[in-house]
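# Coordinate inspection notes
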Amino acid sequence: MKAAAIVLSVCLAVTAAGAATPTGLVLEVSTGEARVGGEDVPSAVPIPSLPFVDTGNTCGYVDDYDAMCPYGAMAPDVVYSYVSPHDACVDINLCNSFYDTKVMVYEHPGPPGNLHACNDDHPDCIDPPVYYTSWLEEVPLTAGQTYYIVVDGYGWSCGDYVLDITECGVGCDVECPPEGTDEGEGPCYDGYEDGFNGGCVWYPFVFSEPPPSDETIVICGLGGDYNGNTLRDTDWYLLDLTCDPTTVEVCVESEFQVTLGLVDLSPGCDNITGYYASAIADPCEPACLTETLPAGEWAVVVSSMFTDAPCDSEYVLTIDGYDSCVPVEKASWGTIKGFYR
């Protein structure tokens, strides 16, 4: 328990690029009623089990540790420790904190070496109290290994934090149903070339082309990240819609955090500016889109969210509404009358 204290800290102005510059000094009052992390690794607060939520205030602590991810800092920090009872992955969330945060994870023997994971700003924090909060997703943990979680700040920032740690991917297993068709692409790997159905992000452009069907199309595929989580396998499925309009429903359920997108191919791959529609879902949760589309070529895109997903991670994609359609030809009144003679 930290005693009440008055802390003199630097007030930061945050720019659009995420940089912070000193603008003056301000007195911050910290009541310190919540239990907070330890000052350093020897005094780290142990996390007994997951899920785990704790609150505290870093002002008044010392800047013990730092890592470039991508910026350095001189902000005060606090430390927690965790030993996982089994191989797992965790999400470490500071999104609901009230200052410009940074979070780092070190392996035993801990800082200043053996940096395991780090995040400064995460763009997908939903409605955070302030900008530039942090979130580490799907951090892999080895059973019996000690990990040190450092709650830090950008620049000289300090303040109230909310640390939320949950285990991810527990029991998440996607199986191909009997009616499913294999995508046909093997798992990715470091140095992989995504030339099977990499769509518009591969050259020459290449797509999988499922045939139209009056029944639900079920495709079982693989996805994941490679080259140190800097590249991802993207799977593009080409739909040639001949009816105008066509209502198409697509859904995907995967073992990784997934992005499902619809892309209008009418301007050509070189002129695409983004998804026509998209959805994101956590592992083993469905992402679905229902859209009424004009005739033309469209692509259904399945990809990971750069969350260090293993290359052999499975997904099941379903497509409804992609039926065979023969456009009705215009006929003259004389031709129509001829049918009845």
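Residues numbered from 1 in each chain as written. Predicted model: local features only at pLDDT ≥ 70, side-chain atom pairs only at ≥ 80, totals over all residues. Heavy atoms only, no water.

Quick look at the overall build of the protein now. Counting its regular elements, the protein contains one helix and 22 strands. For the protein, with 341 residues in total, the buried portion stands at 46%. When contacts within the protein are restricted to residue pairs at least 6 apart in sequence, those whose partners lie at least 24 apart make up 76%. Carbon and sulfur atoms make up 55% of the accessible area of the protein, which totals about 16,900 Å². (Helix = DSSP H or I, 4+ residues; strand = E, 2+ residues; numbered from the N terminus. Buried < 20%, exposed > 50% of the residue type's maximum accessible area, 1.4 Å probe, protein only. Contact = heavy atoms within 4.5 Å. Areas by Shrake-Rupley, 256 points an atom, 1.4 Å probe, with all protein chains shown as cover.)

This part takes up the sheet that holds strand E13 (residues 217-223). Across the sheet, which stays open at both edges, the five strands sit in the order E12-E13-E22-E17-E20 with mixed pairing between neighbours. Each edge of the open sheet carries a strand with a single partner, namely strand E12 (181-182) and strand E20 (287-293). In this sheet, strand E22 (residues 313-320) lies alongside strand E17 (residues 246-254) in antiparallel orientation, the contact comprising six bridges. Along E22, the bridge assignment pairs Glu249 with Asp320. (Pairing = 2+ DSSP bridges.)

Along any regular strand the residues' side chains alternate between the sheet's two faces. Burial analysis of strand E16 (residues 235-241) places six of its seven residues in the buried class, which makes it a mostly covered element. Across seven bridges, the pairing between E16 and strand E21 (residues 296-304) is antiparallel. Residue pairing for E21: Asp240 is matched across the bridge by Glu297.

One can find Gly296 in strand E21. Taking relative accessible area as the criterion, Gly296 reaches 23% and is therefore assigned partly exposed. On a C-alpha basis, the gap between Gly296 and Leu265 in space is 7.8 Å, while along the polypeptide they are 31 residues apart.

To continue, consider the side chain of Asn119. Along the polypeptide, Asn119 turns up in strand E8 (residues 115-119). A residue is classified by how much of its surface remains accessible, and Asn119, at 13% relative accessible area, is buried. Reaching out from Asn119, the side chain makes a polar contact with the backbone nitrogen of Trp135 at a distance of 2.9 Å. The residues touching Asn119, leaving out its near neighbours within four places in the chain, are Cys69, Lys102, Val103, Thr133, Ser134, Trp135 and Leu136. (Polar contact = N/O pair within 3.5 Å; in protein donor to acceptor, adjacent residues only side chain to side chain.)

Turning to unusual backbone geometry, a few remarks are in order. Between Cys69 and the following residue, Pro70, the backbone shows a cis peptide bond with an omega angle of -5°. In this structure, Pro70 sits in the loop between strand E4 (52-57) and strand E5 (78-83). That bond from Tyr203 to Pro204 is cis: its omega, 0°, falls within 30 degrees of zero. With respect to the secondary-structure elements, Pro204 resides in the loop between E12 and E13. A positive phi angle, close to 55°, is found at Asn227, a residue other than glycine. With respect to the secondary-structure elements, Asn227 resides in the loop between strand E14 (225-226) and strand E15 (231-232). Backbone geometry at Cys284 places phi at a positive 65°, although glycine is not the residue there. Considering the arrangement of structural elements, one finds Cys284 in the loop between strand E19 (277-281) and E20. On the basis of relative accessibility, which here comes to 22%, the residue Cys284 falls in the partly exposed class.

Here we take up a negative patch on the surface. A cluster of acidic residues, Asp173, Glu175, Asp312 and Glu314, forms a negative patch on the protein surface. Mapped onto the elements of the fold, Asp173 is located in the loop between strand E11 (160-168) and E12. (Patch = residues over 30% accessible without salt bridge, like charges linked within 9 Å, V, L, I, M, F, W, Y side chains within 5 Å. Salt bridge = Lys/Arg side-chain N within 4 Å of Asp/Glu carboxyl O. Lys, Arg positive; Asp, Glu negative; His and termini not counted. Charge placed at Lys NZ, Arg CZ, Asp CG, Glu CD.)

It is worth spelling out the state of the cysteines at this point. Going through the model one piece at a time under the given rule, you end up with seven disulfides. Disulfide pairing is shown between Cys69 and Cys118; the S-S distance is 1.9 Å. Of this pair, Cys69 sits in the loop between E4 and E5 while Cys118 is found in strand E8, placing the two residues 49 residues apart along the sequence. Between Cys176 and Cys220 runs a disulfide, and the two sulfur atoms are separated by 2.0 Å. Judged by the sign of its S-S torsion, about 80°, the bond between Cys176 and Cys220 is right-handed. With Cys176 in the loop between E11 and E12 and Cys220 in strand E13, this pair connects stretches of sequence that are 44 residues apart. With relative accessibility at 9%, the residue Cys220 sits in the buried group. (Disulfide = S-S within 2.5 Å.)

Summarising the element assignment, Ser313 is placed in strand E22. Judged by relative accessible area, which is 5%, Ser313 ranks as buried. Taking the C-alpha atoms as reference, Ser313 lies 5.5 Å from Leu222; in sequence the two are 91 residues apart. When residues no more than four places from it in sequence are discounted, the contact partners of Ser313 are Gly221, Leu222, Gly223, Glu255 and Phe256. A polar side-chain atom of Ser313 sits 2.7 Å from the main-chain carbonyl oxygen of Pro310.

A sheet is described by the order of its strands in space; here five strands give the open sequence E3-E5-E10-E7-E8, paired in mixed fashion. Each of the sheet's edge strands pairs with one partner strand only, and the pair in question is strand E3 (45-46) and E8.

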